[in-house]
Amino acid sequence: MAEYKVKFKELKSRVGIDDVAYSLGYRLDKKAGVGKYVELVLGDSRNRQDTIIVSNRRDKASQTFFRRDGSKGDVVTLIRENLDRFVVSGDNEWQKVAKVIARFANMPEPEYKQEREFYRGAGHTSDFDPERYETKTLDSANIPRLFSQRGISDETVRTLSPFLTLIRDTKNENFDGYNVGFPYTDTNNEVRGYEIRGMGGYKSKAAGTNSSSAAWVADMTRGDSVLVKSVFFFESAFDAMAFYQMNRATLPENLALVSLGGTFSDGQITGVMQRFPNAKAFDCFDNDVAGRIYGLRMMALLEDIPLKITKTDKGLMVEAKGKNIEIDTQIPIISQVSKSLSIRHRMGQWLPPKAFKDWNDCLLNKPMEPIISATKSDRDSNLAEQRKSSMKL
């Protein structure tokens, strides 16, 4: 197939911020009025996760958005912030963004032979510039309220504080404050960017962040990587912190927590595991289709088994070594795959409980569907049924 060159200007003229936002679950806030600007809200009135104000709603090519915390962007920015919500593959973040926007534009997904065309077309720098950002150490006596809103305790923040920072974008003219930064490091432990979170549901990455081979890595041995026996992989740093807080009493001592920032890349997995040669990797990804795909891709890398993954009406289909394996996304993947393929168990799974999408939602006790507590009458009836069954046995 001939290389499809990405023309971002053309794609953006076909895809509006509202198109992407509605697909992510945002809704129009009619109470805010409908005019030159419209407000799109994610979540309900009791749990408003994010609000974006969109301008030029009738002209997709000119649409931009901003938040009241000063953050702003275009349709590419919104896709980058939510890249983990779209099931796409690519060698880096920008390739994935291009595929997402091409889908919305009903155009062929690009195939890449030279990435320079892509970066030039996107209009973004491909290199992280540390001089652009001011950072400072997180003050353990003045912990940002953002963590407590996520259910993360001060004790957890203090324990993981060596792997956290406060960060300010000097080029952001509308917001002069600091957000929370999770440094992305490479195999040489050099900072190659940041996963950034702020109030009001704000999430982003520092411009030029290397999401291809760098990741947020919290090495609890503080650098003695050969001692690390378990590496836990997550889609976000908040999920990693929540997992650590909930399971700390039963976790092994020599461990590392890793966030991929929602942009799964083969180089992130292989790069991290090169740092910890004596460790076993654990899939702690979300309880959704994307999370199961991430788990399968990680298993394929670690077990060196080429896989082809296809979505089906029932779940997923995996093609490997001439075999077709149906995957039920509601149960762990390793037990399903190991029935047909020889697995050396270089990867384990420590998934969030079934009722929750991810570990942070579990910490916050926010199930995907409301859990209705049984009444006393229901409990008595169930107990009677269990006793009858026991008597029959």
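Cut-offs and rules
- Residues numbered from 1 in each chain as written.
- Predicted model: local features only at pLDDT ≥ 70, side-chain atom pairs only at ≥ 80, totals over all residues.
- Heavy atoms only, no water.
- Helix = DSSP H or I, 4+ residues; strand = E, 2+ residues; numbered from the N terminus.
- Buried < 20%, exposed > 50% of the residue type's maximum accessible area, 1.4 Å probe, protein only.
- Contact = heavy atoms within 4.5 Å.
- Polar contact = N/O pair within 3.5 Å; in protein donor to acceptor, adjacent residues only side chain to side chain.
- Pairing = 2+ DSSP bridges.
- Axes fitted to C-alpha atoms, helices over the stretch in contact; angles between N-to-C directions.
- Parallel < 35°, antiparallel > 145°, perpendicular 65-115°, else oblique.
- Left-handed = near helix turned anticlockwise from the far one by under 90°.
- Nonpolar A, V, L, I, M, F, W, Y, C, P; charged D, E, K, R; others polar.

1. Concerning the environment of D283
Inference 1: Locating D283 in the fold gives a position in strand β14 (residues 280–283).
Inference 2: A relative accessible area of 0% means that D283 is categorised as buried.
Inference 3: As a C-alpha pair, D283 and G348 span 65 residues in sequence and 6.2 Å in three-dimensional space.
Inference 4: The residues contacting D283, other than those within four sequence positions of it, are F233, G295, M298, I333, M347, G348, Q349, W350 and L351.
Inference 5: In terms of polar contacts, D283 uses its side chain to reach the backbone amide nitrogen of F285, at 2.9 Å.
Inference 6: Side-chain polar atoms of D283 contact the side chain of Q349, separated by 2.8 Å.

2. Notes on the sheet that holds strand β17 (residues 323–327)
Inference 1: A sheet is described by the order of its strands in space; here 3 strands give the open sequence β15-β16-β17, paired in antiparallel fashion. Of all strands in the sheet, those bounded by a partner on one side alone are β15 (308–311) and β17. This sheet shows a mean twist of 25 degrees between the axes of neighbouring strands, independent of strand direction.
Inference 2: As judged from the 5 bridges shared by strand β16 (residues 316–320) and β17, these two strands associate in the antiparallel manner.

3. Some thoughts on the sheet that holds strand β1 (residues 27–28)
Inference 1: Ordered by their spatial adjacency, 5 strands build an open sheet running β1-β2-β3-β4-β5, and the pairing between neighbours is antiparallel. This sheet does not close on itself; its edge strands, each paired only once, are β1 and β5 (72–73).
Inference 2: Looking at chain direction, strand β3 (residues 48–55) and strand β4 (residues 64–66) are connected through 3 bridges and run antiparallel. Note on β4: the bridge partner recorded for I53 is F66.

4. A few points about the pairing of β3
Inference 1: Buried residues dominate β3, accounting for 6 of its 8 residues.
Inference 2: Bridge analysis of strand β2 (residues 37–43) against β3 gives 7 bridges, and the strand direction is antiparallel. What sits directly across from V41, in β3, is T51.

5. Description of the packing of helix α9 (residues 266–275) against helix α10 (residues 289–303)
Think of two packed helices as two axes; the pair is described by the angle between the axes and how far apart they sit.
Inference 1: Direction vectors running N to C along α9 and α10 enclose 50 degrees, while the axes themselves pass 10 Å from each other. When the interaxial angle is binned, α9 and α10 end up oblique. Handedness of the α9/α10 crossing: right-handed. Contact residues: D266, I269, T270 and M273 in α9; R297, M298, L301 and L302 in α10.
Inference 2: Grouping the constituent residues of the contact of α9 with α10 by class yields 5 nonpolar, 1 polar and 2 charged.

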